[in-house]
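Residues per chain, in single letters:
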Amino acid sequence: SVTSWGQVIAFHMSWRGAASGAIPDTARSAMLAAQTYGFFPAIGFGWADGSGVPDLTSSSDPFNNSWSNLETRVLFKSMVEQFAREFHPPVLFLGNETNVYYLSHSPAEWNNWMSELAACYAAIKAASPGTVVHTVFQYERLKGLGASAGWSDPEQLHLISELTPGVHADALGLTSYPFLEFATPTAIPTDYYDAVGARWSELVIFTEIGWLAAPSPPYPGSESDQAAFVDLFFDRTQSLTLGYVAWLFLHDWDQEALIPSIAGVGLRSNSGLTVRTSDMAWRAAVSLRE
């Protein structure tokens, strides 16, 4: 159902099911829950971790952890096609923050992934023409930013232009956490997201955004900055055609100590007893747009 925080609930998961090539149980449960409760499900199948380490081996080729693994290519495409045919998800994205894979692998391997993406796109659209298909890039890394995270990557904005609408994707997916580079939201340049519109004129989906409610060294944060980022984000992206925007968590993750970069990113504490100023700011932004 539509709530004051919005109607999109995103499910990001590994592509591996109980058996290799099977639809993950979480994906089935998410679609069934959406039918029951009336929310908008956005489903993502990841195939590599945050450092770009892939999960692509197969029983026939157990040492080939790459997109040149023919059995894996078939299994991955078969799974996403079956999922699209069975559930007709409104949004389906393949691979999360995949530019990290570009940074950590060879150009030939990146091309292998892009060819798999194109094959999956065609299969999904044949099975479920109305499904919006996309992949996701991490925006700060695309721009060669991320001082707080210790990144020193070359800019990769050209990867946006390598996505062909109707061949690889219907939309461009992005995650964006500007606190990885800037100490306060007001330090974010007014043209911060203009590089997107210069390279992509179709739908843009921000699958994850956020700002920390308190410092989590080496990352900056404060409750007032977290709230300010909500309005500033929509101001900076007003020239883009937004599909949906998802704040990372409504409540703080109960295992956030494992990942300092998301400690205190929720609009509310884990228990829900602490409601932050950003909660009201987010609900006000939603009310203007739904």
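Scroll up a little and you will see the structure.
Residues numbered from 1 in each chain as written. Predicted model: local features only at pLDDT ≥ 70, side-chain atom pairs only at ≥ 80, totals over all residues. Heavy atoms only, no water.

A.B. asks: Which residues make up the packing of helix α2 (residues 70-87) against helix α4 (residues 107-127), and what values go with them?
C.D. replies: Contact geometry of α2 with α4 gives a least axis separation of 8 Å together with a crossing angle of 25°. On the basis of the axis angle, α2 is roughly parallel to α4. Two packed elements cross with a definite hand, and for α2 against α4 that hand is right-handed. Residues R73, F76, K77, V80, E81, A84 and R85 of α2 lie in contact with α4, whose contacting residues are N112, S115, E116, A119, C120, A123, I124 and A127. Per-class residue counts for the contact of α2 with α4 are eight nonpolar, two polar and five charged. (Axes fitted to C-alpha atoms, helices over the stretch in contact; angles between N-to-C directions. Helix = DSSP H or I, 4+ residues; strand = E, 2+ residues; numbered from the N terminus. Parallel < 35°, antiparallel > 145°, perpendicular 65-115°, else oblique. Left-handed = near helix turned anticlockwise from the far one by under 90°. Contact = heavy atoms within 4.5 Å. Nonpolar A, V, L, I, M, F, W, Y, C, P; charged D, E, K, R; others polar.)

A.B. asks: Break down the sheet that holds strand β1 (residues 8-14) for me, with residues and values.
C.D. replies: If you trace the four strands from one edge of the open sheet to the other, you get β1-β2-β3-β4, paired in parallel fashion. Only two strands of the sheet have a single partner each, and these edge strands are β1 and β4 (132-134). Pairwise comparison of adjacent strand axes, ignoring direction, gives a mean angle of 15° for this sheet. As paired strands, strand β3 (residues 91-94) and β4 are joined by three bridges and run parallel to one another. In the strand pairing of β4, F93 is matched with H134. Running at roughly 170° to strand β2 (residues 40-46), helix α1 (residues 25-37) makes contact with β1 and β2 of the sheet. (Pairing = 2+ DSSP bridges.)

Keep in mind that these numbers describe shape and distance, not what the molecule does.
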